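# Coordinate inspection notes
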Amino acid sequence: YLQALSNSEKLDDKLKMAQSLLGIARVYIQEDDYRSALKYFNQAEKPAQEIQATNLLVDLYKFMAEAYARTGEMGKAFRYQAMYSKIKDTVYNNETDKKLTSMQFDFDLEKKQNEINLLVKDKTLNELQLKRQKLVKSALAVVLILALLIALLIYRNYRIKVNL
């Protein structure tokens, strides 16, 4: 973590700096050296806030609240626990908003697709109805022509019989 911190400081990469400092502090937490851990947590807080690394701040505030509680500084522990709760809620709300937006987009997309499908079905039904109407008209025309031919044949036969 110290090597990573050195490299990130050379590159002026605030995210990597904050992550390295958080890593160092977590090592001190594992060793039950909460004062040293708090020193690195406090150093990590500034770059994390500058770049608004909310996910990193969630972890940072959680560990800071725990470390302050372990050192007996309950006021600071409460303050960081409150900050942890607030930022965690913010992250949760942002994620929830993204999920809701995605779900709304998917719903709207599905709704539009259903409308398109209904319009296609309606168009198909209209085309079938037009074909049926043309078929009925054609059939009616054929029936009328046949009826006219039969009437002409009957009239011709009548004229032939009358003239005989």
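I will try to describe carefully the structure that is included in this document.

It is worth spelling out helix α4 (residues 54-71) at this point. The terminal C-alpha atoms of α4, which comprises 18 residues, lie 25 Å apart, in line with the 26 Å expected from a rise of 1.5 Å per residue. Residues L56, L57, V58, L60, Y61, F63, M64, A65, A67, Y68 and T71 constitute the buried set of α4. Where the residues of α4 are buried, they touch α2 (14-30), α3 (34-50) and α5 (74-163).

A few words on the packing of aromatic side chains. Following the criterion strictly, the structure yields four aromatic pairs and no others. Note on Y61 and Y80: the rings are 5.8 Å apart at their centroids and 45 degrees apart in plane angle, and the pair reads as tilted. A residue pair is termed long-range when its members are at least 10 positions apart, and Y61 in helix α4 and Y80 in helix α5 qualify at 19 residues. Per residue, the accessibility class of Y61 equals that of Y80, and both read buried. Through pairs of rings, three or more aromatic residues link up here, namely Y61, Y68 and Y80.

The next point concerns the pattern of salt bridges. This model, assessed by the stated rule, comprises five salt bridges. E66 is the salt-bridge partner of R70, the closest N and O atoms lying 4.0 Å from each other. Here R70 pairs with E66, and both are found in helix α4, just four residues apart, close to one helical turn. Residue E73 pairs with K76 through a salt bridge whose shortest N-O separation is 3.7 Å. Classification of E73 as partly exposed rests on a relative accessible area of 25%.

So, on to the environment of Q49. With respect to the helices, strands and loops of the structure, Q49 is situated in helix α3. With residues up to four places along the chain from it excluded, the contact list for Q49 reads L57 and Y61. One polar contact links Q49 to Y61, side chain to side chain, over a distance of 2.8 Å.

Here we come to α3. With 17 residues, α3 extends 24 Å from end C-alpha to end C-alpha; this agrees with the ideal 24 Å at 1.5 Å per step. Those residues of α3 that fall on the buried side of the exposure criterion are Y34, A37, L38, Y40, F41, A44, E45, P47 and A48. Lining the buried residues of α3 we find α2, α4 and α5. Once α3 ends, the next one or two residues include Q52, with phi positive near 55 degrees.

Tracing the backbone through its elements, the reader meets T71 in helix α4. For T71, a relative accessible area of 19% corresponds to the buried category. If we skip the residues at most four places from it in the chain, T71 touches Y34, R35 and L38.

What describes two packed helices is the angle between their axes and the distance between those same axes. Closest axis-to-axis distance for the α2/α4 pair is 11 Å, and the angle between their directions is 30 degrees. When the axes of α2 and α4 are compared, the pair comes out roughly parallel. Helix-helix and strand crossings are classified by hand; for α2 and α4 the assignment is left-handed. Counted together, L15, A18, Q19, L22, R26 and I29 of α2 and L56, D59, L60, F63 and A67 of α4 form the full contact between these two elements. Here the residues of the contact of α2 with α4 are counted per class, giving eight nonpolar, one polar and two charged.

Each value, and the rule that gives it
- Residues numbered from 1 in each chain as written.
- Predicted model: local features only at pLDDT ≥ 70, side-chain atom pairs only at ≥ 80, totals over all residues.
- Heavy atoms only, no water.
- Helix = DSSP H or I, 4+ residues; strand = E, 2+ residues; numbered from the N terminus.
- Expected span 1.5 Å × (residues − 1).
- Buried < 20%, exposed > 50% of the residue type's maximum accessible area, 1.4 Å probe, protein only.
- Contact = heavy atoms within 4.5 Å.
- Phe/Tyr/Trp six-rings, centres within 6.5 Å; stacked < 30°, edge-to-face > 60°.
- Salt bridge = Lys/Arg side-chain N within 4 Å of Asp/Glu carboxyl O.
- Polar contact = N/O pair within 3.5 Å; in protein donor to acceptor, adjacent residues only side chain to side chain.
- Axes fitted to C-alpha atoms, helices over the stretch in contact; angles between N-to-C directions.
- Parallel < 35°, antiparallel > 145°, perpendicular 65-115°, else oblique.
- Left-handed = near helix turned anticlockwise from the far one by under 90°.
- Nonpolar A, V, L, I, M, F, W, Y, C, P; charged D, E, K, R; others polar.

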